[in-house]
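# Summary of structural features
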Amino acid sequence: MTGTTAERRGPEEITGENFVFLQRWVHQETGIVLDDGKRYLVDARLTPLVRDEGLQSLNELCNLLRATRAPHLNRKVLEAMTTNETLFFRDLAPFDALRETIIPELVERNRAIRALRFWSAAASSGQEAYSLAMMLVEMGLGDWNIRIHGTDLSEQMLERARAGQYLQIEVNRGLPARYLVKYFEREGLEWRVQERLRRMVRFERRDLREPMASLGTFDVVLCRNVLIYFDVETKKRILGQIRSRMEPRGYLLLGAAETTFGLDNRFERKPVGGAVFYQIREQCE
Ligand SMILES: C[S@@+](CC[C@H](N)C(=O)[O-])C[C@H]1O[C@@H](n2cnc3c(N)ncnc32)[C@H](O)[C@@H]1O
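Residues numbered from 1 in each chain as written. Predicted model: local features only at pLDDT ≥ 70, side-chain atom pairs only at ≥ 80, totals over all residues.

When helices and strands are tallied, the protein shows 12 helices and 10 strands. Looking at the protein residue by residue over its 285 residues, the buried ones come to 33%. Here the analysis covers contacts within the protein between residues at least 6 apart in sequence; of these, 74% occur between residues at least 24 apart. (Helix = DSSP H or I, 4+ residues; strand = E, 2+ residues; numbered from the N terminus. Buried ≥ 20, exposed ≤ 12 C-beta atoms within 10 Å, placed from the backbone. Contact = placed C-beta atoms within 7 Å.)

Below is the structure:
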């Protein structure tokens, strides 16, 4: 017989107590709710980190998180536990609605100031923000004063977003081939967004649960595929923050599985083409 007793037993499983500790830790640091059924996710996301850090088990990782407050470990666990899935022109219909209806309306409204402001909240690695930039240039608005502000909790994702550098497999997802030729430059094995687009976009670390007053206000806020991870109270708080950052007739776009319904009745649902946007209800006098 080969292998030690420990090897034959397989890797040590996370104890119930440590899983509860991680649920609380992740909720406190990110707002994300890990249900009891998400042990597999903890295993899949944190086991590589346990290995990289030379630790014996997830239980040891939890003990270190509890005891030392080691910032590098905190950051790595946070990075591992956020889901960063994104792609260029995700879901298409909202981009069609922006191009065909919403942006033309905003252009009319803002013609005197020739400025448009967008907030890509939970921007991940930046594909949404750059998709907007490409769309605006295609619409002939490249010489307007355009500000696309991308925010996220994950430093790792923000670094990638700022670099605007993507793997072949990432530009294969959602990006029309002619945009790749027109707006990207080859850098080794990767593709980099051209500087003229990078100049339209700024990325900053923000926790959506924190006050946002210093961001200013926006004509369009895109906050997609992140509310799904939060509990009701956190969703309400975030929607309130977003509302305070919107121009009075501005638009909010959420992910396809997200809604303001039952969370914030100051928002009104506005179907536009094949997509659903939200606007702040006009106050009844
Ligand atoms: C699934 S991605 C969505 C990316 C993009 N909005 C999209 O729809 O393609 C979710 C993003 O939310 C970020 N996130 C999670 N919790 C956050 C928080 N409390 N504040 C800000 N961003 C957060 C994650 O880091 C991740 O990049």
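Continuing now.
In this section: the pairing of strand E8 (residues 246-254). Pairing of strand E7 (residues 218-223) with E8 involves five bridges; the strand directions are parallel. Looking across to E8, one finds that Leu222 is bridged to Leu253. For the handedness criterion, the β-α-β arrangement of E7, helix H12 (residues 232-244) and E8 is classed as right-handed. Pairing of E8 with strand E10 (residues 275-280), which is carried by two bridges, proceeds in the antiparallel orientation. Its bridge partner being in E10, Leu253 is matched across the sheet by Phe277. (Pairing = 2+ DSSP bridges. Right-handed = clockwise from strand over helix to strand, strands pointing away.)

Attention now moves to the site of the ligand. Around the ligand sit 23 residues, and of these Thr86, Ala122, Ser124, Arg224 and Asn225 come closest. When its residues are assigned to classes, the shell around the ligand shows six nonpolar, 10 polar and seven charged. Among the domains, domain 1 (5-81) and domain 2 (93-280) are the pair contributing at least three residues each to the shell around the ligand. (Near = placed C-beta within 6 Å. Nonpolar A, V, L, I, M, F, W, Y, C, P; charged D, E, K, R; others polar. Domains from an automatic or database assignment.)

This brings us to the pairing of E10. Side chains on a regular strand alternate between the two faces of the sheet. Across six bridges, the pairing between strand E9 (residues 267-272) and E10 is antiparallel. Along E10, the bridge assignment pairs Val272 with Ala275. In sequence, E9 turns back onto E10 through a hairpin of two residues, with Gly273 there showing a positive phi of about 60°.

Position of Met200 relative to the elements: it lies in the loop between helix H11 (195-198) and strand E6 (201-205). Residue classification places Met200 among the buried residues on the basis of 23 C-beta atoms within 10 Å. Sequence separation of Met200 and Arg147 is 53 residues, and the distance between their C-alpha atoms is 5.8 Å. Contacts of Met200, omitting those with residues within four sequence positions, involve Ala133, Ile146 and Ile148.

Okay, the domain arrangement of the protein next. Domain boundaries assigned for the protein yield domain 1 (5-81) and domain 2 (93-280). For domain 1 versus domain 2, the distance between C-alpha centres works out to 32 Å. In this complex, domain 1 contributes six residues to the contact, which on the side of domain 2 involves nine residues. Broken down by class, the residue content of the side of domain 1 that touches domain 2 amounts to two nonpolar, two polar and two charged.

Let us look at the confidence of the model for the protein. When pLDDT is averaged across the protein, the result is 94; 95% of the residues are at 70 or more. pLDDT under 50 marks residues 1-9. Its contacts with residues more than four places away, or in other chains, come to one contact. (pLDDT = per-residue confidence, 0-100.)

Within helix H8 (residues 155-163), burial applies to Met157, Leu158, Arg160 and Ala161. Down the axis of H8, the sector holding all buried residues measures 160°, keeping them to one side. Along its buried surface, H8 packs onto helix H7 (127-138), strand E2 (145-152) and E6. Phi for Gly164, located one or two positions after H8, is positive at around 60°. (Arc of directions from axis to C-beta.)

So, about the sheet that holds E10. Adjacent strands of a sheet form backbone hydrogen bonds with each other and so pair up, either parallel or antiparallel. The strand order E6-E2-E1-E7-E8-E10-E9 describes an open sheet built from seven strands, whose pairing is mixed. Single-partner strands in this sheet number two, and they are E6 and E9. This sheet shows a mean twist of 25° between the axes of neighbouring strands, independent of strand direction. As defined by bridge partners, strand E1 (residues 115-121) adjoins E2 across seven bridges and the pair is classed as parallel. Bridged to Phe118 within E2 is Ile148. (Axes fitted to C-alpha atoms, helices over the stretch in contact; angles between N-to-C directions.)

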